[in-house]
Structure formats: C-alpha cells, structure tokens
Amino acid sequence: MTRLPIPLIDLARWRGGDPDERAALAAELDHALQESGFLLLAGHGIGADVRERIRTAARRFFVLPSARKAAYATAVGGRGWVGPGREVNSFPDETADAERPDLKESYTLGRDLRTGVAELDRVWFAENVWPAEVPELAALCTGYAHAVRRVYGELLQLSATALDLDADFFVRRTLRSPHTFNINRYPALSETGAPAEGQYRIGPHTDWGMITILDRQVGYGGLEVQAPDGTWVGAPHVPDAFTVNIGDLMARWTGNRWRSTRHRVLPPSPDAPHEELISLIMFLEADVDTVVTPLPAPIGRRGYPPVTAGDYLLERAAAATVS
C-alpha cells in the first residue's frame, strides 16, 4: 500500500523553541514539502469553537432556497455565493470538463484591505458580500481570517528558514497579498444524485498560490492526495489539526524542491447517502505584483520562466469557471 509522508508539525515548537528546535522543525517541514507537499499543523492556537460556529452559520445560508442565495451569486474568484455547477477544478495542463462540474457550493470571501491603488483594489480587494439572512457570519469569518493570516506569517518564516533564506524573505513579499476564504459545502448523495463517471466533490487539481490552510471534516467523500507513483492515498486527519499544502506559485518559487501535489475530494458515497461536509479553506498568496522566479540551486531543481503572481492566479480562476 502506498504511503505518503504527511507529518504532524506542532507550531508551538516554532513559537517557543530555541534556534536548535526551530532548525529541527524547519527540517521536518522541508522534508514533508519535498515528499508530499502536505503536512498537518497542530499548535496553531485557533479554537475549534469558532470553526464550528462558522459552519453552523454557513449552514443557515446554504439551506436557503436557491432563489434567495442567487442574490449573492458571483463567479469563481469573486465575493459571494458560487452555486452548484459553477466551478470545475482540473490540472493546469488539462481542459476542465464543464459537463462534470464539482459537486459543491461555496461562499467566498477575501482579504479586507485597501492598497490605495484603484485598479488593484477593484480586482483583488473587492468588498466582501455578507448575507443579510445570517448577520453573525461577518464577524465570525473576519476574526477567523485574521487568525489564519497570523498562522500564515509564521509558516512563511518557517518556510524561509527551511530554505536557509532570511526569515522574512516570503513575509516581505506578502504584505499586500490577497487571500481567498472558501466555505465549501459538499452536499449529500441524497441531494446530488449519483455523480457522473469521473465527477468529484472537487476534481483532481493542484492549488494555485502559496500556502493553503484547510480545516476539514472527515467522511466517506473525503480528501485524497496523489502519490509520486500516481496512486491516490487518503489524507490523514488529526482532530484540531489543520491540513496544510503548498500551491503552484510556491512550487515554482522553490524550483520544484517543494511539490504542488494533485489532490481531490471524493464524490458522495452510497455508503453514506446523507453525509454533508463543510470545509473552511484559506488560499494564501503573494503580493499580486510579485514576479515569481525560481530560487537558484541548490534550492531550486527546475527552471521556470518568471511569472507575475496575479496573472497566474487570474488565469487559473478563469480555467476553473463554468460559463
């Protein structure tokens, strides 16, 4: 049976560790991101209670009639409700199959920031849209996003240390960065009906940006990660630990030292026809005007042409959109 090294890393060791402990933790992260691109993160300090309150509030929105939710509809990459059938994830080098969209719906939020550059703010920092029917969602999600961004900053410092760079190398390049916060609802089989062949809750794909921080619920229709030999492996789960993985831009930046690994969320299963899952996902990015150029050897192992972060993210969002 194929196994993937997806270790549990305790962020408390970074926060309270001496230089030797921090170096040891950085080496563990480096190994995980080389081997699988994934890790589990404990010690982040974000309580389970706030995550469950967000899920409870989100369910109150998701159970509304589609006509009510349509008032908040948006495209992939926008702010608001991305309804069923609107998104289809795929690999960067493959054409998304609009006939087999992802079996999910999402409420999508972004970073509350104003840079003072009108076009930048229009494209990347649009106002969040909050459903009037669930007034508590705004404060819950805003607080959670701030807390996750603090964890992101620590992971960036840990990542830079793992690569023997200045500790603030990545932090300096994310001061005006956006993020996308998705509340993903994966409906039950009793609601979706039998999926088409090759249809998933989220199709096989890589993430697009820097670091993804996921709080997920386990179930029959759960997360799988692709091993280097092409087999699919169920991602481990530890209660209260986040699932963390890197995306394409971080992989490019490290010259493929670290893997942006293909993963998918399985379709709803007949073994659990009433299983509904809700995931909280934050996709954390670089400043959109950052030119990502692979770090040289011995860090980098493959060359890529330089790419502007924002251009790459927009290209991937367009590819995942069902017209």
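Right above here is the structure, for reference.
Residues numbered from 1 in each chain as written. Predicted model: local features only at pLDDT ≥ 70, side-chain atom pairs only at ≥ 80, totals over all residues. Heavy atoms only, no water.

J.: How should I be thinking about the sheet that holds strand S8 (residues 223-226) in this particular structure?
T.: Strand pairing in a sheet takes place through backbone hydrogen bonds and is either antiparallel or parallel in direction. The 4 strands are arranged S6-S11-S8-S9 in an open sheet whose pairing can be described as antiparallel. Unpaired on one side and paired on the other, strand S6 (202-205) and strand S9 (232-234) mark the two borders of the sheet. Along the sheet, successive strands turn relative to each other by an average axial angle of 20 degrees, direction set aside. Looking at chain direction, S6 and strand S11 (residues 263-265) are connected through 2 bridges and run antiparallel. (Pairing = 2+ DSSP bridges. Helix = DSSP H or I, 4+ residues; strand = E, 2+ residues; numbered from the N terminus. Axes fitted to C-alpha atoms, helices over the stretch in contact; angles between N-to-C directions.)

J.: It is not clear to me how the packing of helix H3 (residues 48-62) against helix H6 (residues 137-162) should be interpreted in this structure. Could you clarify?
T.: Angle between the axes and distance between the axes: these two values describe a pair of packed helices. Across the interface, H3 lies against H6 with an axial gap of 10 Å and an inter-helix angle of 145 degrees. For the pair H3 and H6, the crossing hand works out as left-handed. Between H3 and H6, the contacting residues are Val50, Arg51, Arg53, Ile54, Ala57 and Ala58 on the first element and Leu137, Leu140, Cys141 and Tyr144 on the second. Looking at the contact of H3 with H6 residue by residue, the class counts come to 8 nonpolar, no polar and 2 charged. (Left-handed = near helix turned anticlockwise from the far one by under 90°. Contact = heavy atoms within 4.5 Å. Nonpolar A, V, L, I, M, F, W, Y, C, P; charged D, E, K, R; others polar.)

J.: When you look at the sheet that holds strand S10 (residues 242-246) in this model, what are you seeing that I'm missing?
T.: Pairing is mixed in the open sheet, where 8 strands are placed in the order S1-S2-S10-S7-S12-S5-S4-S3. In this open sheet, the two edge strands, each paired with only one partner strand, are strand S1 (8-10) and strand S3 (80-82). For this sheet, the mean inter-axis angle between neighbouring strands, taken without regard to orientation, is 25 degrees. With 4 bridges connecting them, strand S2 (residues 38-42) and S10 associate as antiparallel partners. In the sheet register, Phe38 faces S10, and the bridge partner there is Asn245. Contacts between helix H2 (residues 19-35) and the sheet are confined to S1, S2 and S10, with S2 contributing the most and set at about 145 degrees to the helix. Its contacts with the sheet place H6 against S2, strand S4 (105-110), strand S5 (179-186), strand S7 (211-215), S10 and strand S12 (277-284), and it is angled at close to 130 degrees to S7.

All quantities given are derived from atomic positions and should not be read as evidence of function.
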